[in-house]
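# Secondary and tertiary structure notes
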Amino acid sequence: ATQWAANQSYESHVEANSEFDYRVTSEEDNSNPTLFFGEMVFPFMAHGDFSELSNSGMRTLSEALAEKSDWLPLFDETNMRTALVHKKKSRAAAACYYDDMYVDFECAMKLVQRGCPLEGVKVYVTNEYQHSGLRDDGANIINKLAAMSKNRLHV
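The rules behind each value
- Residues numbered from 1 in each chain as written.
- Predicted model: local features only at pLDDT ≥ 70, side-chain atom pairs only at ≥ 80, totals over all residues.
- Heavy atoms only, no water.
- Helix = DSSP H or I, 4+ residues; strand = E, 2+ residues; numbered from the N terminus.
- Rg over C-alpha atoms; globule rule 2.2 N^0.38 Å.
- Buried < 20%, exposed > 50% of the residue type's maximum accessible area, 1.4 Å probe, protein only.
- Areas by Shrake-Rupley, 256 points an atom, 1.4 Å probe, with all protein chains shown as cover.
- Lys, Arg positive; Asp, Glu negative; His and termini not counted.
- Charge placed at Lys NZ, Arg CZ, Asp CG, Glu CD.
- Disulfide = S-S within 2.5 Å.
- Core = buried A, V, L, I, M, F, W, Y, C linked by side-chain atoms within 4.5 Å.
- Contact = heavy atoms within 4.5 Å.
- Salt bridge = Lys/Arg side-chain N within 4 Å of Asp/Glu carboxyl O.
- Expected span 1.5 Å × (residues − 1).
- Arc of directions from axis to C-beta.
- Patch = residues over 30% accessible without salt bridge, like charges linked within 9 Å, V, L, I, M, F, W, Y side chains within 5 Å.

## Examining the overall build of the protein
Helix and strand counts for the protein come out as 7 helices and 4 strands. Rg of the C-alpha trace for the protein: 19 Å, well past the compact-globule value of 15 Å for 155 residues, more than 25% over. Each of the three principal axes of the protein carries a C-alpha extent, and together these read 50 × 35 × 30 Å. Counting only residues that meet the buried cut, the protein has 25% of its 155 residues in that class. Approximately 11,000 Å² of the protein is accessible, and the part contributed by carbon and sulfur atoms is 53%. When the 15 basic and 23 acidic side-chain charges of the protein are each reduced to a single mean position, those positions are 20 Å apart.

The structure is reproduced here in structure tokens:
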């Protein structure tokens, strides 16, 4: 089980240096830079700081994920290839943003090269969106990816 691993790492940083404490950096009169956590969920988020999500099942889901102990290796090449292939053809598509502040473009593109774990994934590369593409224009992006995965659209 992850047991809130990201939170444990965060707490150790806060203990070593209080300027990493989100309660300090989020104060309006604070001169410290805003901290970006990326795509992690912390207990303080699920247990009330984001109450609009806590009431939508985020608390239950995040606690279940923190307790889950039967994860397969997330980046196992064989598992990735097996999950992506249907009748010897990939039916997967992904969006990749040039200037994504969380995902390095070059690293992402290496994964889809010939011989790499995500070989065969159809990639929609764009600079029209940032990391928030699904929030900004989700229906359009999902429709495009769905069409790409079914070989109805080539970009």
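## Re the state of the cysteines
What the rule picks out here adds up to 0 disulfides. No disulfide involves Cys 107; its sulfur sits 10 Å from that of Cys 96, the nearest cysteine. A relative accessible area of 47% means that Cys 107 is categorised as partly exposed.

## Quick look at the nonpolar core
For soluble globular proteins, nonpolar side chains are generally found buried alongside one another. Of all hydrophobic cores here, the largest spans 10 residues; its members are Trp 4, Tyr 10, Val 14, Tyr 22, Phe 42, Phe 44, Met 45, Ala 46, Met 58 and Ala 66. Take this core: its biggest share by element is 3 residues, from helix α3 (residues 43-49). Tyr 10 has contacts with Phe 20, Asp 21, Tyr 22, Phe 37, Phe 42 and Phe 44, leaving out every residue within four places of it along the chain.

## Quick look at the pattern of salt bridges
One pass over the full model with this rule turns up 6 salt bridges. The closest approach of N and O atoms between Arg 114 and Glu 119, which form a salt bridge, is 3.7 Å. On the basis of relative accessible area, Arg 114 is assigned to the exposed category, the value being 75%. Taking the relative accessible area as the measure of exposure, Glu 119 reaches 33% and is therefore partly exposed. Residues joined in a network through salt bridges with shared partners are Glu 77, Arg 81, Arg 114 and Glu 119.

## Observations regarding helix α1 (residues 5-16)
Taking 1.5 Å per residue as the helical rise, α1 with its 12 residues ought to reach 16 Å, and the 17 Å between its terminal C-alpha atoms agrees with that figure. Taken as a whole, α1 has its buried residues at Asn 7, Tyr 10 and Val 14. For α1, the angular spread of the buried residues around the axis is 60°, confining them to a single face. Exposed and oriented more than 90 degrees from the buried face of α1 are Glu 15 and Ala 16. Residues of α1 that are buried make contact with α2 (22-25) and α3.

## Focus on a nonpolar patch on the surface
The grouping of Leu 61, Leu 65, Trp 71, Leu 74 and Phe 75 at the surface amounts to a nonpolar patch, some 590 Å² of accessible area in total. Inspection of the secondary structure puts Leu 61 in helix α4 (residues 51-67).

## Comments concerning the side chain of Thr 126
Looking at where Thr 126 falls in the secondary structure, it is placed in strand β4 (residues 122-126). Classification of Thr 126 by relative accessible area gives buried; the value is 8%. Setting aside anything within four residues of it in sequence, one finds Thr 126 in contact with Cys 96, Tyr 97 and Tyr 98.

By themselves, these are just geometric observations and shouldn't be taken as functional.
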